[in-house]
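Single-letter residue listing:
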Amino acid sequence: MGVKMVGASVNRLEDPRLLRGEAAYVDDIRFPQLLHMAVLRSPHAHARLLSVDVSAVRGTPGVLDVFTAADLGPEPPGIPAFYAPDSFRPAPQYPLATDTVRYVGEGIAVVVAESRHLAEDALELIEVEYEALEAVVDAYAAIQPGAPTLHENAPDNVAATIVYENGDVEAAFASADRVIRERLDMQRYTGIPMETRGVVGHRDPVTGEMTVWDSTQWPHTVRTVLAGMLGVPARSIRVVIPDIGGGFGIKADFYPEDFLVPFAAGRVGRPVKWIEDRNEHFLTIAHSREQIHEVEIALRNDGTILGLRARHITDCGAYQRPLGLVNASLAGTSLAGIYRVPAYRVEAVCASTNKAPASAYRGAGAPEATFARERLLDIVARELGMDRAELRRMNLLTPEELPYDTGLVSLEAAVVLDSGNFPAAFEKALDMADYAGFAARQQAAREEGRLIGLGICVYHQLSGTGPFEGGSVRVDATGEVTINSGAAPQGQGTGTMLAQIAADELQVPHDSIKVVFGDTGRLAHGMGTYASRNAVMAGTSVVMAATKVREKARELAAHLLEADPDDLVLDEGTFSVKGVPASSVTWAQVAAAASPGGNRPEGMEPDLESVQYFETMKAPYSYGIHIAEAEVDPDTGVTAVTRYVVVNDAGTIINPRNAEGQIVGGVAQGLGGALLEELVYAPDGQPQSTSFMDYLMPGSLDIPNVEIGHLETKSPLNPLGVKGMGEGGAIGGHTAVANAVADAIEHLGVTVTRTPLKPATVWGLLQAAGTTA
């Protein structure tokens, strides 16, 4: 075969139309008689709803409908949680608050009007009587005796406690030469896509089918949940994703508006649209990351790790929606990383607070656990008087120990490190960063009164989770190839990647292939895009489907050429007889013969199409090494990241340019979390970060050039040998930068134990150390 696209850094097929302004996002979906929805949201963090009076809204010019939870039926449908460990105490969120509001921004009533501004104005006519209740916004305080209770079935505000363990932890700590303990906290922050959430619902008057256009990462899941909540067959709902302007995991959720918009459209008999404004985004989007880690490590004097033991408390917010427990579970199974840890125990506590519900954001638990582990290792190295690289080096698992079964099973998959060469990646990163020469550079800077530091982060990443993904490949009667995938990308370049895969299998130009995503009317089953699964799951389903189509076409071409299928070669879109290139047929000729009424062998079904589902519960692990250099201004506490090195191993790299773009984007988000981003709440539960005036993000000038190296150890868990890598930059970036800041200032006698390391925070540490600031 001549065409070889896997591994090629081709330009993204998605970009030209986006650059021409031809994208179609949810807000670009328009219909005649389109109505707009607005939601009345609670101004209280915790309050009892004594009454909700919407009578003044009815009859208002331009208003078509107004409703509350009372209009959802005697038992309003709750949003389900997908994971329910034995200790789980369900706290489902209802589309609208029933008797109590539990966070600022929770929906109370809906208005549907001819325009968004009319709907917003009508919200002001609704009269709500509240009885304010005491709020609790600190996860540690929430689980203490006497704290205000959010849900009657969990008087201690513990939604679940999950314990992950293997080995003899007590013996490991009893035999240790040293036990080092620390509390390490990561703040609450979240993804900030350029496009906020949006939903359009429209019921077809002929078929009765409800079509929902949704800015979501999992359209098939939205269809399933929505059908269950509406009490209708799934076949009566079609969910379509248009172009999506970023997701980062926070759009892999089922939000109240995903129900409210189609419910409203069904009530009024006209299409209804809702577009989240940025204030609503900060108030109600899935929050993430916030965890308290109380961790201790058992060691020999030479630095050998004997055991890890921890309790981490995850702030899950007011309710648990589909993935409400995932961050706690994945952090609980990720603390050991890719190190040799013979004994391990983590107690993952899921605490309810009066904040917006938490869910997955790029990395989902891995950034939290990575920060706790890698920050702890630097603290350990300092206390032992060891080189921090040597401490890591001696405890890394070797290729001979892989696959390495940790004995742990998260809510998503068993933790089995399937492949890699961790020591080789580590040494490559140290060489690229000139780690050996940094100590001299640092000393020279200190002599000049400058504070520079280098941070190391070794991370691993669960990727490509099951249980399945679907894909279809079709060659039409003119020879054109179309892929339909259950994936739902939001800017990752997945269409280009799938076209490259299919191009190799079918020997056609990749840019001639049409790729369609996220339409439940085109593909019966799909899972969507999250957990770095597109290359692993969607890619493998396309390989399977393309292979089926190619082999059927080979048999048909042999029939047309009166040859043996084994004597045919496929090259550049043409089947020919070996040694007789003139005896050939093109894809178009084969596809025409495959059509109904065409010249097919007896018994062969018409059409050249295959729908395949890659089913597996074995998830590959990618990993990487991030090394950051940073300089801290001793007078202001401002940090500048001056250099950044990444070595990444995601198995087969289908498109290196795409892959490196994913890494750099993730690093930017990790850097933002380390230094700037935080969703702050006042003690009474009032959010303080509700606009870009209060929620600071890094700009392009804050991100240094990212130097990237690759290792490619193929995963044995799929035919492509790929591992997901879309979240790695965010996982490694947060901790590498935090460790760099710590390295710049900890020689002064302070210890970095939480993020973000905003200028005021760093300045405070310098002041505590007695340094001129």
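Remember, it's a predicted structure, so these values are computed and weren't measured experimentally.

J.: Help me out: how do you make sense of the layout of surface pockets in this one?
T.: Considered as a void within the structure, the second largest pocket measures approximately 370 Å³ in volume. Here the lining of the second largest pocket is built from residues that sort into seven nonpolar, six polar and six charged.

J.: Hey, could you run me through empty space enclosed by the protein in this one?
T.: Once rolled over the atoms, a probe with the size of a water molecule shows which space is left empty. Applying the stated criterion across every chain yields a total of five cavities of 30 Å³ or more. Size it by volume and the largest cavity reaches roughly 100 Å³. Lining the largest cavity we find 14 residues, and of these Ala 336, Val 341, Tyr 404, Thr 406 and Leu 408 sit closest to its centre. Listed by contribution, the elements that provide at least two residues to the lining of the largest cavity are β16 (404-409) and β17 (414-417). Sorting elements by how many residues they give to the lining of the largest cavity places β16 first, with three residues.

J.: Would you mind showing me how to read the packing of aromatic side chains here?
T.: The description of an aromatic ring pair uses the distance of the two centres, along with the angle that the planes make with each other. For the structure shown, the criterion picks out 12 aromatic pairs. Geometrically, the ring pair formed by Trp 218 and Tyr 530 is edge-to-face, given 5.8 Å between the ring centres and 70° between the ring planes. With Trp 218 in the loop between β10 (210-214) and α5 (219-230) and Tyr 530 in the loop between β21 (514-517) and α14 (534-561), the pair connects residues that are 312 residues apart, well separated along the chain. Judged by relative accessible area, which is 14%, Tyr 530 ranks as buried. Considering the side-chain rings of Phe 468 and Tyr 613, the 6.0 Å spacing of their centres and the 70° angle between planes classify their relative orientation as edge-to-face. Of the two residues, Phe 468 sits in strand β19 (residues 468-475) while Tyr 613 sits in strand β25 (residues 608-615), which places them 145 residues apart along the sequence. With a relative accessible area of 24%, Tyr 613 lands in the partly exposed category. What links up through ring pairs into an aromatic cluster is the set Phe 67, Phe 259 and Phe 263. One cation-aromatic arrangement involves Arg 533 over Tyr 530; the distance from NZ or CZ to the ring centre is 5.0 Å.

J.: Even after reading the chapter, I still don't get the pattern of salt bridges, so can you show me in this structure?
T.: When charged atoms on two side chains of opposite charge get close, those side chains can pair. Enumeration according to the criterion identifies 55 salt bridges in this entry. The closest approach of N and O atoms between Asp 315 and Lys 355, which form a salt bridge, is 3.0 Å. With a gap of 40 residues between them, Asp 315 in strand β14 (residues 305-315) and Lys 355 in the loop between β15 (343-351) and α9 (366-384) connect regions that are remote in the sequence. Judged on exposure class, the residue Asp 315 and its partner Lys 355 are both buried. A salt bridge links Glu 374 to Arg 392, with the shortest nitrogen-to-oxygen separation between them at 2.8 Å. Highlighted residues: Glu 374 in helix α9 and Arg 392 in helix α10 (residues 388-395), separated in sequence by 18 residues. Take Glu 374: its relative accessible area is 0%, and that puts it in the buried class.

The rules behind the values
- Residues numbered from 1 in each chain as written.
- Predicted model: local features only at pLDDT ≥ 70, side-chain atom pairs only at ≥ 80, totals over all residues.
- Heavy atoms only, no water.
- 1 Å grid on protein atoms, 1.4 Å probe; cavity = no way out; pocket = protein on both sides within 12 Å on 5 of 7 lines; lining within 4 Å.
- Points joined across faces, edges and corners; volume = space filled by probe spheres on them.
- Nonpolar A, V, L, I, M, F, W, Y, C, P; charged D, E, K, R; others polar.
- Helix = DSSP H or I, 4+ residues; strand = E, 2+ residues; numbered from the N terminus.
- Phe/Tyr/Trp six-rings, centres within 6.5 Å; stacked < 30°, edge-to-face > 60°.
- Buried < 20%, exposed > 50% of the residue type's maximum accessible area, 1.4 Å probe, protein only.
- Lys NZ or Arg CZ within 6 Å of the ring centre and 35° of its normal.
- Salt bridge = Lys/Arg side-chain N within 4 Å of Asp/Glu carboxyl O.

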